Amino acid sequence: MSKKSIPRMISADENGEIFEDPELLMLLRQGEGFVPPRPDELIPLPADSDLFLLPGRKAIGLDPQRGTVMATDSLAVAGFASPGHTLAGTAAYITDSEAPDLPLYAYGAIGYMHDQFWIAARKVDKDMRQVFSPELLQSIPGKVRNLIKKYPRNRLIQHLTHCALNSCCPAARNLALGRFEAPLPTSRNCNARCVGCISFQPAGSSFQSTQDRISFTPTVEEVAEVMLAHGSRVKKPILSFGQGCEGEPLTMADLICNAVAKVRKKIPKATININTNGSMPDHVEDLALAGVDSFRVSLNSADPDLYSRYYKPVNYNFSQVQDFILKAKKHDCFVSLNLLYFPGITDTESEIDSMTRLISDTKLDYIQMRNLNLDPEIYLHLMQNKDFGPQTGLLNYMKRLKKECPWIEYGYFNPYLGR
């Protein structure tokens, strides 16, 4: 990429006003290093994205004359890419010694060129399920009232409609609107202590969870009622256990089995999915026989050590996750990875090798290229003392895996199977 085609660095003043720097060019962070953006991993900031000011962090840019990294006195700015986009680089900045930890979001590198913002990212899924026009947003309160009126005693409906109105949860909004994928939170407990858990943070944590975990255990009847409500009125319904507002759904496997078995014959075309950490392979057979046909297994790395550093599993290990995927495939279930991608770590040679082995050994179907929502420096500290080898960049990472495992597909959302 020529210097003329690299966006300008942006930063903010003490009043929060964002401006482009007339002398410095955009940099991004990949792992511990600061580099210019790759031309094929830079796009105009997508609609419905957000800009964040980063407190206690000074913007840095590239001096094109000297070819050196220059620090500024201005506040760093980052971008949160709209759903369907994966970051190719995180924001570049220098952190003050007393800077607060950042909240649980992903912090993409941002620049300015040709009268618009640019972000280091790529679109990996064209699905529009989390795009809401103004007209759709205006209709949600009325749709919520209709659901509550129709199911006045269903606590799960009450919980999810609250999420649609107050937490802006895309899945809960889609339930209210009667489209795409509906959420089915069931579990108050979890057997992992993920560093970036969005529904639970221990006392004394330096950042807060972004969602409230469900405060009750729904009955089989309540879950089944939500499944029928959505599955019977949507053309291509997806019903998903394992949401941001709950713990690990496998801890409620019996409840899920009973609810799915109760309604499966009434909604034969629905895709019934479980978003899970894959920690309990012994439950796969019962869930599959009940009618679950899709599993999405979340991980940050296929290296057992690096996986454990982030997930902090309780009474399970990575070998059980692998066994879970193998058993799910044995029962003809569709298996996705919910890959928490972090530029400069995930796209390194050692990580590519371990991920290739996992895909090859299990024959899993699909990778959802999600962004790791965590202060980048916290994650880098977790991953320290590991020789990762050279990095490839986002697109080359995806190409490498596809070359070794040609059946694998990429996306961002749980796909409708249409079985």
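Each chain carries its own residue numbering, running from 1 in the direction its sequence is written. Totals for whole chains, interfaces and linings use every residue, but because this is a predicted model, local features are given only for residues with pLDDT of at least 70 and side-chain atom pairs only at 80 or more, for both listing and counting. The basis for every side-chain value is the complete set of heavy atoms in the structure, and neither hydrogens nor water enter the calculation.

Asker: Please clarify how the overall build of the chain should be interpreted in this entry.
Answerer: Counting its regular elements, the chain contains 11 helices and 20 strands. The atom set for the radius of gyration is the C-alpha atoms, and the globule formula is 2.2 Å times the number of residues raised to the power 0.38. Here the chain has a C-alpha radius of gyration of 22 Å; the compact-globule value for 419 residues is 22 Å, and the two agree. Considering only C-alpha atoms, the chain reaches an extent of 70 × 50 × 40 Å along its principal axes. Residue pairs in contact within the chain that sit at least 24 positions apart in sequence constitute 77% of those at least 6 positions apart. Only four residue types enter the charge count: Lys and Arg as positive, Asp and Glu as negative, with His and the chain ends excluded. The atoms used to mark charge sites are NZ of Lys, CZ of Arg, CG of Asp and CD of Glu. In the chain, 46 positive and 47 negative side-chain charges are present, and the distance between their average locations comes to 9 Å. For the purposes of this entry, the term helix denotes a DSSP run of H or I that reaches at least four residues, the term strand denotes a run of E that reaches at least two, and both are numbered from the N terminus. Here a residue-residue contact requires only that any non-hydrogen atoms of the pair lie within 4.5 Å.

Asker: Sorry, what's going on with the pattern of salt bridges here?
Answerer: Oppositely charged side chains can form a pair if their charged atoms are brought close together. Salt bridges are identified by distance alone: a Lys or Arg side-chain nitrogen within 4 Å of an Asp or Glu carboxyl oxygen. Evaluation of the coordinates by the stated rule reveals 15 salt bridges. Across the salt bridge formed by Arg 309 and Asp 305, the nearest N and O atoms sit 2.8 Å from each other. Within this pair, Arg 309 and its partner Asp 305 are both found in helix H7 (residues 304-311), separated by four residues, close to a single helical turn. Using a relative accessible area of 39% as the deciding quantity, one classes Asp 305 as partly exposed. Members of the salt-bridge network, linked through shared partners, are Asp 127, Arg 129 and Glu 181. Exposure categories follow from relative accessible area, calculated using a 1.4 Å probe and restricted to protein chains: below 20% of the type maximum is buried, above 50% is exposed, and the middle band is partly exposed.

Asker: It is not clear to me how empty space enclosed by the protein should be interpreted in this structure. Could you clarify?
Answerer: Picture a little ball the size of a water molecule; that probe, rolled over the atoms, points out where space is still empty. The way it works is a 1 Å grid over only the protein atoms, where trapped points that fit a 1.4 Å probe form a cavity and open points with protein on both sides within 12 Å along at least five of seven lines form a pocket, and then any residue with an atom within 4 Å of a point lines it. Grid points are joined across faces, edges and corners, and a volume is the space filled by probe spheres set on the points. Considering all chains together, one arrives at two cavities of 30 Å³ or more under this definition. Roughly 90 Å³ of volume is contained in the largest cavity. Looking at the lining of the largest cavity, the elements that each hand over two or more residues are strand S1 (8-12), strand S6 (50-63) and strand S7 (68-80). Residues that form the lining of the largest cavity fall into these classes: 12 nonpolar, no polar and no charged. Of the voids in this model, the second largest cavity is the one considered here, and its volume is about 60 Å³. In this structure, the second largest cavity is lined by Leu 87, Thr 90, Ala 106, Tyr 107, Tyr 341, Phe 342, Pro 343, Asn 371, Leu 372, Leu 374 and Pro 376. Grouping the amino acids of the lining of the second largest cavity by side-chain chemistry returns nine nonpolar, two polar and no charged. Each residue gets one label: Ala, Val, Leu, Ile, Met, Phe, Trp, Tyr, Cys and Pro are nonpolar, Asp, Glu, Lys and Arg are charged, and the others, such as Gly, are polar.

Asker: Would you mind going over the layout of surface pockets with me for this structure?
Answerer: Roughly 170 Å³ of internal volume is contained in the second largest pocket. Lining the second largest pocket are 14 residues, and of these Ala 47, Ser 82, Pro 83, His 85 and Val 131 sit closest to its centre. Considered class by class, the residues forming the lining of the second largest pocket number five nonpolar, four polar and five charged.

Asker: Before we go on, may I ask you to explain the sheet that holds strand S3 (residues 28-30) in this structure?
Answerer: The strands that make up a sheet are held in pairs by hydrogen bonds between backbone atoms, and each pair lies either parallel or antiparallel. Only when DSSP finds a minimum of two bridges between them are two strands counted as paired. What the three strands build is an open sheet, ordered S4-S3-S9; its pairing is antiparallel. What marks the edges here is a single partner per strand, and that holds for strand S4 (33-35) and strand S9 (90-91). Examined bridge by bridge, S3 and S9 share two bridges and lie antiparallel to one another. Counted as the bridge partner of Leu 28 is Ala 91 from S9.

Asker: How should I be thinking about the pairing of strand S11 (residues 110-113) in this particular structure?
Answerer: Every regular strand shows the same layout, with side chains that alternate between the two sheet faces. Looking at chain direction, S1 and S11 are connected through two bridges and run antiparallel. Among the inter-strand pairings, Met 9 is bridged to a residue of S11, identified as Gly 111. Taken together, the four bridges between S11 and strand S12 (residues 116-119) define a ladder with antiparallel strand orientation. Looking at S12, one finds that Ile 110 is bridged to Ile 119.

Asker: I'm lost on the packing of aromatic side chains in this one. Help?
Answerer: Put simply, two rings from Phe, Tyr or Trp (the six-membered ring, in Trp's case) pair if the centres are within 6.5 Å, and we call them stacked under 30 degrees between planes, edge-to-face over 60, tilted for the rest. Tallied over the entire structure, the rule returns 14 aromatic pairs. Each residue in the set Tyr 307, Tyr 310, Tyr 311, Phe 318, Phe 342 and Tyr 379 is aromatic and connected to the rest through ring pairs, giving one cluster. A ring has a charge above it when a Lys NZ or an Arg CZ is no more than 6 Å from the ring centre and no more than 35 degrees off the ring normal. The ring of Tyr 93 has Arg 29 sitting right over it, with the charged end atom 5.5 Å from the ring centre. Looking at Arg 370, its charged tip hangs above the ring of Tyr 412, at a distance of 4.3 Å from the centre.

Asker: Which parts of the structure should I look at to understand the sheet that holds strand S16 (residues 271-276)?
Answerer: The sheet built from seven strands is open, its strands ordered S14-S15-S16-S17-S18-S19-S20 with parallel pairing. Of all strands in the sheet, those with a lone pairing partner are strand S14 (181-183) and strand S20 (409-411), marking the two edges. Adjacent strand axes in the sheet meet at a mean angle of 25° when their direction is disregarded. Across four bridges, S16 lies against strand S17 (residues 294-299) in parallel orientation. Looking at the pairing, Ile 274 lines up with Phe 295 of S17. Under this scheme, a helix contributes an axis fitted over its contacting stretch, all axes are lines through C-alpha atoms, and angles between N-to-C directions fall in the 0 to 180 degree range. Helix H8 (residues 318-330) rests against S16, S17 and strand S18 (334-341) of the sheet, and its axis sits at about 160° to S17.

Asker: Mind showing me how you'd approach the side chain of Ser 301 here?
Answerer: Note on placement: Ser 301 falls in the loop between S17 and H7. Engagement of the side chain of Ser 301 in a polar contact is seen with the backbone nitrogen of Asp 303, the distance being 3.0 Å. Polar contacts, as counted here, are pairs of nitrogen or oxygen atoms within 3.5 Å of one another; within protein the pair requires one atom able to donate a hydrogen and one able to accept it, and residues that are adjacent in sequence qualify only if both atoms are side-chain atoms. Polar contacts involving the side chain of Ser 301 include one to the side chain of Glu 351, which spans 2.7 Å. Sequence-distant contacts of Ser 301, defined by excluding residues within four places in its chain, comprise Leu 306, Tyr 307, Phe 318 and Glu 351.

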